Amino acid sequence: MNDNIFLLAKNGNKDAIELVISTVKPFIFKQCGKMKLQGYDFDDLCQISYESVVKNIPKIKKDHLDTAPSFLMKCIHNTLKYEARRALSKPEAASIEAEDKDGIRYSEKLVSEDDTEKIFFRDYQSSVVKEAYASLNLEEKTILSFFITDPYGGLKRYSELYNTDYRKSRYLKDKTLKKMKTFLESSSDDDFDL
């Protein structure tokens, strides 16, 4: 192709622009035929490529008119890759009840190693223990905290810190644990057989 045509196209001559587009049209068809993008058909991709050619013709430098076709092909290639990245960055909306290409619903394919029943009872038991703990008064909560954090020396530290007799502290701990046990047993009888 004559360098003068690219120079005319660069200066805005419409016939020259059409001639430049027709020169790169086989490359455009080849590139657009390779691409399969969600929401774009072949004509959309060709139109995007034509726009790329028209936008980049003014960017051709006068010193590089002999490499203009390669420059325009690279511009088309980059524009199509950009469109592909844009299309792929927006995930396709799908429903869990939709079917795959084999006709199997996605919800049927979901497999979990977790046992929902165990999770439910674990969470339920945890909430019941929290309720039982909340039913204790401040002194009972304090002694239980000391006992839980250090079962072998917590009561001794509690006795020393609060200036109480060790036997009295041990009695309070036993009484608190019995109260918790009673609460847990009554709630399990009311709701579920844990």
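Anything mentioned here points back to the structure above.
Residues numbered from 1 in each chain as written. Predicted model: local features only at pLDDT ≥ 70, side-chain atom pairs only at ≥ 80, totals over all residues. Heavy atoms only, no water.

*Asks:* What is the right way to read the overall build of the protein chain from this model?
*Replies:* Across its full length, the protein chain carries 9 helices and 0 strands. For the protein chain, whose C-alpha radius of gyration is 38 Å, the value lies well above the compact-globule estimate of 16 Å for 194 residues. C-alpha atoms of the protein chain, sized along the principal axes, occupy 105 × 45 × 25 Å. Contacts spanning at least 24 positions in sequence make up 53% of the contacts within the protein chain whose residues lie at least 6 apart. Approximately 14100 Å² of the protein chain is accessible, and the part contributed by carbon and sulfur atoms is 53%. (Helix = DSSP H or I, 4+ residues; strand = E, 2+ residues; numbered from the N terminus. Rg over C-alpha atoms; globule rule 2.2 N^0.38 Å. Contact = heavy atoms within 4.5 Å. Areas by Shrake-Rupley, 256 points an atom, 1.4 Å probe, with all protein chains shown as cover.)

*Asks:* Any chance you could explain a negative patch on the surface here in plain terms?
*Replies:* The grouping of Glu113, Asp114, Asp115 and Glu117 at the surface amounts to a negative patch. When you line up the elements, Asp115 lands in the loop between helix H5 (106-109) and helix H6 (116-134). (Patch = residues over 30% accessible without salt bridge, like charges linked within 9 Å, V, L, I, M, F, W, Y side chains within 5 Å. Salt bridge = Lys/Arg side-chain N within 4 Å of Asp/Glu carboxyl O. Lys, Arg positive; Asp, Glu negative; His and termini not counted. Charge placed at Lys NZ, Arg CZ, Asp CG, Glu CD.)

*Asks:* Explain the packing of aromatic side chains to me, please; I cannot follow it from the model alone.
*Replies:* Two descriptors summarise a pair of aromatic rings, namely the distance from one centre to the other and the angle between the planes of the rings. As enumerated under the stated definition, the model contains 4 aromatic pairs in all. Plain terms: the ring middles of Phe29 and Phe42 are 5.8 Å apart, the flat faces sit at 45 degrees to each other, and that makes the pair tilted. Taken together, the positions of Phe29 in helix H2 (residues 14-34) and Phe42 in helix H3 (residues 42-56) put the pair 13 residues apart, joining distant regions of the chain. Phe29 gets classed as partly exposed once you look at its relative accessible area, which sits at 39%. For the ring pair Tyr158 and Tyr162, a centre distance of 4.7 Å and an interplane angle of 40 degrees mean the geometry is tilted. Within this pair, Tyr158 and its partner Tyr162 are both found in helix H8 (residues 154-162), separated by 4 residues, close to a single helical turn. Following the ring pairs from residue to residue traces out a cluster consisting of Phe146, Tyr158 and Tyr162. In this arrangement the basic side chain of Lys173 is found over the ring face of Phe147, its NZ or CZ atom lying 4.7 Å from the centre. (Phe/Tyr/Trp six-rings, centres within 6.5 Å; stacked < 30°, edge-to-face > 60°. Buried < 20%, exposed > 50% of the residue type's maximum accessible area, 1.4 Å probe, protein only. Lys NZ or Arg CZ within 6 Å of the ring centre and 35° of its normal.)

*Asks:* What is the right way to look at helix H4 (residues 68-89) in this model?
*Replies:* Given 3.6 residues per helical turn, the α-helix brings residues three or four places apart onto the same face. Taking 1.5 Å per residue, 22 residues should reach 32 Å; H4 reaches 31 Å between its end C-alpha atoms and fits that length. Residues of H4 that are buried: Ala68, Leu72, Cys75, Ile76, Leu80, Glu83, Ala84 and Ala87. Here the buried face of H4 lies against helix H1 (3-10), H2 and H3. (Expected span 1.5 Å × (residues − 1).)

*Asks:* Would you mind showing me how to read the side chain of Ser169 here?
*Replies:* Note that Ser169 resides in helix H9 (residues 166-190). Of the residues examined, Ser169 reaches a relative accessible area of 2% and is grouped as buried. Reaching out from Ser169, the side chain makes a polar contact with the side chain of Thr164 at a distance of 3.0 Å. Ignoring any residue separated from it by four or fewer positions in sequence, one finds Ser169 in contact with Ile143, Leu155, Tyr158, Ser159 and Thr164. (Polar contact = N/O pair within 3.5 Å; in protein donor to acceptor, adjacent residues only side chain to side chain.)

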